[in-house]
Amino acid sequence: MSLQQIDAGMLSRMFLAGAKNLESKKEWINELNVFPVPDGDTGTNMTMTIMSAAREVLELGDAADMQGLCKAISGGSLRGARGNSGVILSQLFRGFTRRIKEEESLTIPVLAEALDKAVETAYKAVMKPKEGTILTVARGAAEKAQALVEDGCSDMETFLSTIISHAEYVLSQTPEMLPVLKQAGVVDSGGQGLITVLSGAFDAFLGKELDLAIKPSGGTGSGKASGQRQAEAQMEIKFGYCTEFIIMLNKTFNIKTEMDFKAYLESIGDSIVCVADDDVVKVHVHTNDPGLAIQKALKYGALSNMKIDNMRLEHQEKLFKMAEKEEGKAAGQESGKAAQAAEAAADAPPKDFGFIAVSVGEGINEIFRSLGVDYIIEGGQTMNPSTADILDAVDKVNAKTIFILPNNKNIILAANQAAELTAEKDLFVIPTKTIPQGITAVINFVPELSVEENEANMLAEIEHVCTGQVTYAVRDTVIDDKEIKKGDFMGIGDTGILAVGGDMTAVAGDTVSKMMGPESELISIYYGSDVKEEAAEAFRAQIADRYPDCDIELQYGGQPIYYYVMSVE
């Protein structure tokens with residue numbers, strides 16, 4: 001007889017099994033992407049998202065309760081979310097766990113409500129939800145769950161298998177909702193990824209023997225923490241006690257309350273982080289009187305996970321150790337200079353404005369730096385950075401207000417999610433979908449203007465930028481009525497495929513011609529790491545002959561995979 005309720009232990013196994021199943025099939029899911037480009041795709045992004053949570057779940061061990069498990073699933077996936085599909089998956093988990101975290105075990109009605117909450121949360125996270133995607137598949141599963149409850153379904157195995165079967169049916173209909181899927185002959189890749197997770201979870205529920213081992217993360221989280229500690233150790237300590245705690249709320253903690261509490265913390269210290277998440281508030285503050293922060297926090301609820309460190313003592317100890325380590329080491333001289341630079345940056349008062357840009361290619365990176373961008377996140381088409389990567393970058397930019405340039409439509413949701421999770425600084429996401437849009441945005445920034453005026457100006461200017469990118473096809477397909485063969489060169493514009501052919505330069509030229517308008521004045525060309533300078537110069541001359549009334553700019557981008565990134569303004 002199968003289980004009729006799911007406890008925390010079983011849910012943990014089901015989640016890990018779903019994650020492992022997705023990981024094992026990620027390349028197959030990648031191949032379902034409509035555009036046959038050699039990018040980091042849906043399967044990769046969803047896998048990296050869920051694996052971030054799976055590692056936290058695994059660390060809990062067998063003794064995890066429902067609340068701890070939900071925290072690991074929600075928090076891990078939110079921080080690890082990559083790409084639009086990964087962010088949507090993390091929001092599904094966020095909504096699902098919000099409903100179940102107070103339950104000791106999950107019944108059929110509770111699961112139905114949790115699925116409904118998951119869909120509601122995910123739809124709210126997307127500015128313009130599109131049907132025929134992972135959202136549609138998730139909604140179909142939630143609606144079937146509710147129908148089963150109303151029909152009096154009382155067998156958990158039947159309930160779960162019926163939901164998955166219906167989700168598979170909804171997935172099969174996605175080509176009828178999105179013509180581009182039908183033309184390419186594929187179902188939605190995000191929806192397939194979700195069903196892969198559900199199917200793996202169901203296998204665990206059935207008691208199948210599964211390998212639930214999760215590989216350790218290859219990330220740099222510990223490096224970030226040590227870097228922050230070193231920077232803090234080098235600072236002249238103004239506030240001596242690093243104070244951290246969690247408030248278990250028993251009173252209303254709305255936006256106004258949160259702002260008032262932050263204002264109080266600012267009056268007694270600095271380096272403030274205050275993040276409210278449902279019924280808990282995470283607090284970090286540097287202050288000379290931790291008792292004041294604690295007394296204020298007790299007005300909102302009970303405290304847990306309290307930690308107070310004397311930073312002045314740590315500062316002295318670390319400086320002593322650093323001096324001892326560096327003494328007599330010639331090789332350490334350059335490192336010492338870098339440490340002094342880091343110390344100077346940490347001691348400097350925060351700037352009014354800062355910029356973070358997602359970029360790839362040494363040439364493009366240098367362009368952003370020369371325009372005043374403070375921090376470059378390596379990534380983009382080939383690897384979408386996670387929400388945690390963006391939060392890490394925010395920590396490293398010493399500015400009160402930070403503008404984030406995602407420079408890729410698949411990174412905007414992760415950037416928005418980072419902005420929601422950041423309490424200490426004001427983050428503004430300028431939704432740049434391409435590198436040229438990002439360059440245009442930062443060029444049009446005016447330090448003398450207000451945040452709101454700069455945001456409005458940048459949003460307006462990026463609308464005038466048309467972008468085309470030339471790469472190659474990794475498989476045969478049909479898109480926008482264009483037959484594409486594996487190995488063909490493709491010119492991809494803002495709205496789809498602009499040109500296809502066997503000659504890369506010809507495809508690049510056709511792509512530019514498709515972007516030109518009656519008022520076009522400037523054509524910018526960034527050539528990639530696989531294009532020789534002489535070939536790029538010849539291409540520039542060709543475009544200059546074709547459009548003598550336009551200014552033509554050619555710059556080395558150094559980007560991989562994309563031979564040319566071009567813009568017309």
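All of these numbers come straight from a predicted model, not from anything done at the bench.

Conventions and cut-offs
- Position numbers for residues count from 1 along each chain, tracking the sequence in the order it is written.
- Residue-level local features of this predicted model are given only where pLDDT is at least 70; pairs of side-chain atoms are given and counted only at 80 or more, and the full residue set underlies all totals for whole chains, interfaces and linings.
- As a convention, hydrogens and water are excluded, and side-chain values are obtained from all of the structure's heavy atoms.
- Only strands joined by at least two bridges in the DSSP assignment are considered to pair.
- The helix and strand labels rest on DSSP assignments: H or I over at least four residues marks a helix, E over at least two residues marks a strand, and numbering proceeds from the N terminus.
- A fitted line through C-alpha atoms represents every axis, and for helices the fit uses only the stretch in contact; the resulting angles, taken between N-to-C directions, go from 0 to 180 degrees.
- Between two residues, a contact is recorded if the distance between any of their heavy atoms is within 4.5 Å.
- Working definition: with a 1.4 Å probe on protein chains only, accessible area under 20% of the residue-type maximum means buried, over 50% means exposed, and in between means partly exposed.
- Distance and chemistry together define a polar contact, namely a pair of N or O atoms within 3.5 Å, with one atom able to donate a hydrogen and the other to accept it when in protein, and with adjacent residues in sequence counting only for side-chain atoms on both sides.
- Using a 1 Å grid laid over the protein atoms alone, points where a 1.4 Å probe fits but cannot get out form a cavity; open sets with protein on both sides within 12 Å along at least 5 of 7 lines form a pocket; any residue with an atom within 4 Å of a point counts as lining.
- Grid points are joined across faces, edges and corners, and a volume is the space filled by probe spheres set on the points.
- Three classes are used, and their members are as follows: Ala, Val, Leu, Ile, Met, Phe, Trp, Tyr, Cys and Pro are nonpolar, Asp, Glu, Lys and Arg are charged, and the others, Gly among them, are polar.
- To count toward a patch, a residue needs a relative accessible area above 30% and no salt bridge. Like charges then connect within 9 Å, nonpolar side chains (Val, Leu, Ile, Met, Phe, Trp, Tyr) within 5 Å.
- To be clear on the numbers: accessible area is Shrake-Rupley with a 1.4 Å probe, and residue cover counts the displayed protein chains and nothing else.
- What makes a salt bridge here is a side-chain nitrogen of Lys or Arg within 4 Å of a carboxyl oxygen of Asp or Glu, nothing more.
- The sign given to each residue is positive for Lys and Arg and negative for Asp and Glu; His and the chain ends receive no count.
- We put the charge of a Lys on NZ, of an Arg on CZ, of an Asp on CG and of a Glu on CD.
- Classification remark: right-handed applies to a crossover when, strands pointing away from the viewer, the course from the first strand over the helix to the second runs clockwise.

(A) Inspection of the sheet that holds strand S3 (residues 241-249) at higher detail. Here we have 4 strands laid out as an open sheet, ordered S4-S5-S3-S6, and antiparallel in their pairing. Each having just a single partner strand, strand S4 (269-277) and strand S6 (301-310) make up the two edges of the open sheet. Averaged over all adjacent pairs, the angle separating strand axes in this sheet is 10°, with direction ignored. The pairing of S3 with S6 spans 8 bridges and is classified as antiparallel. Of the residues in S6, the one forming a bridge with Thr 243 is Ile 308. Contacting S3, S4 and strand S5 (280-287), helix H13 (residues 255-268) crosses the sheet at an angle of about 160° to S4.

(B) Examining the environment of Thr 432 more closely. Structurally, Thr 432 can be placed in the loop between strand S10 (426-429) and helix H20 (435-443). Residue classification places Thr 432 among the buried positions, given a relative accessible area of 0%. What Thr 432 contacts, discounting residues up to four positions off in sequence, is Leu 405, Pro 406, Asn 407, Asn 408, Ile 412, Gln 437, Gly 438, Ala 441 and Ile 462. A distance of 2.8 Å separates polar atoms of two side chains, one belonging to Thr 432 and the other to Asn 407.

(C) Representation of empty space enclosed by the protein within the structure. Taken as a whole, this structure holds 2 cavities of 30 Å³ or more when the rule is applied. Looking at the lining of the largest cavity, the elements that each hand over two or more residues are helix H1 (8-24), helix H5 (83-100), helix H6 (108-125), helix H7 (134-150), helix H8 (156-172) and helix H11 (189-205). The leading source of residues in the lining of the largest cavity is H11, at 5 residues. Looking at the lining of the largest cavity residue by residue, the classes come out as 24 nonpolar, 2 polar and no charged.

(D) A look at the side chain of Ser 524. Looking at the element boundaries, Ser 524 is found in strand S16 (residues 522-527). Once residues lying within four places of it in the same chain are set aside, the contact partners of Ser 524 are Glu 553, Val 565, Met 566 and Ser 567.

(E) Geometry of a positive patch on the surface. On the surface, a cluster of positive charge is made up of Lys 128, Lys 130, Lys 409 and Lys 433. Considering the arrangement of structural elements, one finds Lys 128 in the loop between H6 and H7.

(F) Spotlight on a negative patch on the surface. A contiguous patch of negative charge on the surface is contributed by Glu 519, Glu 521, Asp 551 and Glu 553. Classification of Glu 521 as exposed rests on a relative accessible area of 58%.

(G) Summary view of unusual backbone geometry. A positive phi is found at Asn 407, a non-glycine position, where the angle reads about 60°. Summarising the element assignment, Asn 407 is placed in the loop between strand S9 (399-405) and helix H19 (412-421). In this structure Asn 407 comes out as buried when scored by relative accessible area, which is 5%. Even without glycine at this site, Ile 561 takes up a positive phi of about 70°. Position of Ile 561 among the secondary structure elements: in the loop between strand S17 (551-556) and strand S18 (564-568).

(H) Expanded view of the sheet that holds strand S15 (residues 497-501). The strand order S15-S14-S11-S18-S16-S17 describes an open sheet built from 6 strands, whose pairing is mixed. Only two strands of the sheet have a single partner each, and these edge strands are S15 and S17. Pairwise comparison of adjacent strand axes, ignoring direction, gives a mean angle of 15° for this sheet. The sheet contact formed by strand S14 (residues 489-492) and S15 spans 4 bridges and is antiparallel. For Met 490, the partnering residue across the bridge sits in S15 and is Val 500.

(I) Molecular detail of the pairing of S9. Counting buried residues in S9 gives 6 out of 7 residues, a clear majority hidden from the surface. As defined by bridge partners, strand S7 (residues 351-359) adjoins S9 across 6 bridges and the pair is classed as parallel. Bridging from a neighbouring strand, Ala 357 pairs with Leu 405 of S9. Looking at chain direction, S9 and S10 are connected through 4 bridges and run parallel. Considered in S10, the bridge of Ile 402 is made with Leu 427. The parallel pair S9 and S10 is bridged by H19, and the resulting crossover is right-handed.

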